Amino acid sequence: MRAFGAMGMAIAALAAPQVLAVDTSPQASLDRLADTLGYRYQVVDNGPACPTGIDGCFLSTITLTIPEKLPDALPAQGLSLYFSFVNQLPLVESDIFTHRLVNGDVQQLTLKPGVVLRPGSKHEIRLWGTGSNFSKAFAMPNAYLVADGLKPRTIAATRPVLDPETGLQYLPFVAPMTDEAKLATKGGADKTRWLTAEHTFALQAERQAPETTGIAILPKPVKALQGKGKALELGRGVALTLTGVERSAVAPALTALGAAEGGAVPLAIRVDAAMKPESYVLDVKASGIAIAAADAAGASHALRSLAQQAAFGKGKLAPLHVEDAPEYGFRGLHIDLGRNFHGRDQILKLVEAMAAYKLNKLHLHLADDEGWRIEIPALPELAEIGSKRCHDPAETTCILPQLGAGPDGAGGVNGYLSVADYVAIVKAATARQIEVIPSIDMPGHSRAAIRAMEVRTARLNAAGKKAEAEAYRLIDPADTTEYRSIQNYSDNTLNVCLPATYRFVDTVVDALAAMHKQAGAPLRTFHLGADETAGAWVKSPACKAMIAENGDDAGKLTPRFIERVSQSLAAKGLEAAGWSDGMGHTEAAAMPKKIQTNIWGVLHAGAIREAHDQMNRGWDAVLSIPDLGYFDMPYAPNPEEGGYNWASRGVDPYQVFGFMPDNLPANAATIRNIQAEGKAIEDKPVLQPGHRVAGLQAQLWSETIRTDAQVDYMLFPRLLALAERAWSPAPWTPAYQAGASYEWGDERVDAAKLKAGWQDFAGRTAAQFPLLEKMGIAYRVAPPGARVANGKLEANSMFPGTAIEYRTEGGAWTRYAGPVAVSGAAELRSRSADGKRASRTVRVEPAR
């Protein structure tokens, strides 16, 4: 009874009316304003009449709606709004704010003196940027409010939201982009048109592919023949015998096969070192399965092919003979962890996918201006400070919140790989015959490292350890040079005249080498970036002598840095790698003989010049050309497709598949320039006999990619097309002839072979979707093409077998099974193979 009475009194107390005190402190007031402030970003015009002094501008606006009920204790002064704007922003027009560029893309709007925010009022801020915003992806989330003495608060309206249908992040504060005339181009010669559902329908009708019925292996084998006879059932398990190879060397591929060992189906794997590296011969007969391979890599490739075919046959394997070997030795994937972080689990998932499709080089971009992503035990500030972005103007606890990271230092865009994480990745990659190539961009793109080392310097100076403090300081404090990098930074370049800089490079490289050794896979290649160095050091006292030694030309200091670091790497037994623009400015005689260069010039603007020049030097040229492999570019010219588009308005799987690596000028026949014009490409300089590209690499830069689902979306299925092109020859390619130029639609490129090749590839790609889902990869579900003609809705897909749904105004989603009568507009979407995810929705109107 006493217990019951006590409980009853507690309930009565909870039920009694209570007066809750409202927090009216300045902090609570700022919090409520951030929670209720209306915020809208809109791209108004990509080709307006520009204000005087601003060339090539575009106009966008931020509209703020002040809440009807303002908090009581808003700060009277020092109220600012911070936001990210990735283009240069020379002019901001506002009735209530003054504008200041903080650094990079971080902008500050400060309330003008005497301005009073009035309840319910609206304020339009006009942003005159340089360049263009062709996609909603250029907008950045997490704008925030700051007031003197208070904690900053993110404006709730600017937080990203997850779409439950697509699984992708979107920004609800970004206004729809619907005015194609003002938003699709900058005018002039630009012929770009948005890829609407109607345009997609016409394009896909020309390329329509049947579903695969026979061999589903991807990439396409050199030779594959399917015979007749009784099928093997892998569900019975396999009896494994190995000759010349340890089980551990093929263990991941055996796991992917999914057949229990100790079973009834003989599976014999034999290694023959006389075969071509990575090659294999696979035979499936009623009596069992036999694999002959050159090495563990070849044996693993055979098992991966076997796994794909078995999955396609739902565990049954018809008689099959495959002879296979790669076209190129370098088949790579580059992942940018610097701009926005993606962690260990995501990378391990991608490593498994790389192995499934026979890619063999993982290029990890571990540091950039916006983040340092690898633990270096000797220099803990690199990870502790450089991996986190938050609102700390002094940058003593974190670096500036670039790319819409927000003020709190929280969220998945922050983080780093610990030593244990990195070792685990190298181990997993090595077990799958994949080389990990770490990349630390330098001397430009180094702001995160510079800021972290400034914190280290201050800490040691405060402890009275001046010599130790200067040991890794990466800037000359007396340098008064003013510059802006391409990404708008004023302080992102290592000073190449300081001994501390080279000590820093050695320490980082040695730490990475130690991690590789711990993983049992010696470091072989180090990528030093070497690209996009701004005009730094001109007024650095530390550089006075070095500039004089180079003819008073400060521009030569970057090549001297690259040469010195490359030679230092060679002395450690490592191959230096870098991006082609920086590497190309070096003196070949001053460089080691063996160099990897990643060619990233755009096809119509420098790719041929850089590739042929650097191949003619005898370097290993890896094609990283945006038109082929920049998978941060949008899939199509459409404002709803994510990614930057400075190099291409659309890189779709067809374009990647059709690429011709061994005749770069010939690609003018199938790929238009950035303005959607079919333009000729000259072969200058010519490629000297005896040289060939080393391979291909896909790139995923992460400025606009904040979630792992976005990584998957941007990579797949385009990465399958690159894997195919890196492994298998492109038979529509005309033989390279020195000096031969090509034009759009050039008949020397065999269009019939390209179309037939695509149709075969598209069928095999559709067969891979269940395997990708099994690996946990949320590949892009391409929206359907559609039109309404003669009162009937028609739809088609990029890949065969894709489920399509439609609805009319106010109706329910219905499975599309063929042309259907509609009386008005219709919306359509595609479904993933497992039905769990949808594409973005497209809309079609009746023809007028």
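Check the entry above for the structure.
Definitions and cut-offs
Residues numbered from 1 in each chain as written. Predicted model: local features only at pLDDT ≥ 70, side-chain atom pairs only at ≥ 80, totals over all residues. Heavy atoms only, no water. Helix = DSSP H or I, 4+ residues; strand = E, 2+ residues; numbered from the N terminus. Rg over C-alpha atoms; globule rule 2.2 N^0.38 Å. Contact = heavy atoms within 4.5 Å. Areas by Shrake-Rupley, 256 points an atom, 1.4 Å probe, with all protein chains shown as cover. Lys, Arg positive; Asp, Glu negative; His and termini not counted. Charge placed at Lys NZ, Arg CZ, Asp CG, Glu CD. Disulfide = S-S within 2.5 Å. Buried < 20%, exposed > 50% of the residue type's maximum accessible area, 1.4 Å probe, protein only. Pairing = 2+ DSSP bridges. Axes fitted to C-alpha atoms, helices over the stretch in contact; angles between N-to-C directions. Parallel < 35°, antiparallel > 145°, perpendicular 65-115°, else oblique. Left-handed = near helix turned anticlockwise from the far one by under 90°. Nonpolar A, V, L, I, M, F, W, Y, C, P; charged D, E, K, R; others polar. Phe/Tyr/Trp six-rings, centres within 6.5 Å; stacked < 30°, edge-to-face > 60°.

**Student:** How should the overall build of the protein chain be read in this particular structure?
**Tutor:** The helix and strand inventory of the protein chain stands at 21 helices and 35 strands. Here the C-alpha atoms of the protein chain give a radius of gyration of 29 Å, agreeing with the 29 Å that 2.2 N^0.38 yields for 848 residues. With the C-alpha coordinates of the protein chain rotated into their principal frame, the extents come out at 85 × 80 × 75 Å. Within the protein chain, contacts between residues separated by at least 24 positions form 73% of all contacts whose residues are at least 6 apart in sequence. For the protein chain, the accessible surface area stands at approximately 33,700 Å², while carbon and sulfur atoms represent 53% of it. Positive and negative side-chain charges of the protein chain, numbering 87 and 91 respectively, have mean locations separated by a distance of 4 Å.

**Student:** Explain the state of the cysteines here, please?
**Tutor:** Disulfide: a covalent bond connecting the sulfur atoms of a pair of cysteines. Per the stated rule, a full pass over the model turns up three disulfides. Paired through a disulfide, C390 and C398 show a sulfur-sulfur distance of 1.8 Å. With the S-S bond torsion at -80 degrees, the cross-link from C390 to C398 turns out left-handed. In this structure C390 comes out as buried when scored by relative accessible area, which is 8%. Across the protein chain, the way the bonded cysteines pair up, counted in sequence order, is 1-2, 3-4, 5-6.

**Student:** Whenever I open this one, the pairing of strand β29 (residues 785–789) confuses me. Can you help?
**Tutor:** Two faces, one strand: in a regular strand the side chains alternate between the faces of the sheet. The pairing of β29 with strand β30 (residues 792–796) spans five bridges and is antiparallel. Bridge pairing in β30 links A786 to A795. What sits between the antiparallel neighbours β29 and β30 is a turn of two residues, in which N790 has the positive phi angle 55 degrees.

**Student:** In this structure, what is going on with the packing of helix α7 (residues 344–356) against helix α19 (residues 708–715)? I would like to understand it.
**Tutor:** Running from N to C, α7 and α19 point in directions that differ by 25 degrees, and their axes come no closer than 11 Å. Considered as vectors, α7 and α19 are oriented roughly parallel to each other. Remark: the crossing between α7 and α19 carries right-handed chirality. Here Q346, K349 and L350 of α7 lie close against α19, whose contacting residues are D708, V711, D712 and L715. For the contact of α7 with α19, the class distribution of residues is three nonpolar, one polar and three charged.

**Student:** Sorry, what's going on with the sheet that holds strand β17 (residues 288–293) here?
**Tutor:** Strand pairing in a sheet relies on backbone hydrogen bonds, with the paired strands running either antiparallel or parallel. On the basis of which strands lie adjacent, the open sheet formed by six strands has the order β12-β19-β16-β17-β15-β14 and mixed pairing. In the strand order of this sheet, the two ends are held by β12 (223–226) and β14 (238–243), each with one partner. When strand polarity is set aside, the average angle formed by the axes of neighbouring strands in this sheet is 5 degrees. The pairing of strand β16 (residues 280–285) with β17 spans six bridges and is classified as antiparallel.

**Student:** Please explain the packing of aromatic side chains as it appears in this structure.
**Tutor:** A ring pair, where both rings are aromatic, is described by two values, the distance of the centres and the angle of the planes. Summed over the entire model, instances satisfying the criterion amount to 20 aromatic pairs. Taking 5.5 Å as the distance between ring centres and 85 degrees as the angle between the ring planes, the aromatic pair formed by Y39 and F173 counts as edge-to-face. Residue Y39 is found in strand β1 (residues 38–45), and its partner F173 is found in the loop between β11 (169–170) and α3 (180–183); the two are separated by 134 residues along the sequence. We classify Y39 as buried; its relative accessible area is 9%. Between Y82 and Y144, the ring centres sit 5.1 Å apart and the planes meet at 5 degrees, which makes this aromatic pair stacked. With Y82 in strand β3 (residues 80–84) and Y144 in strand β8 (residues 144–146), the pair connects residues that are 62 residues apart, well separated along the chain.

From the geometry alone we can't say anything about function, so treat these as descriptive.
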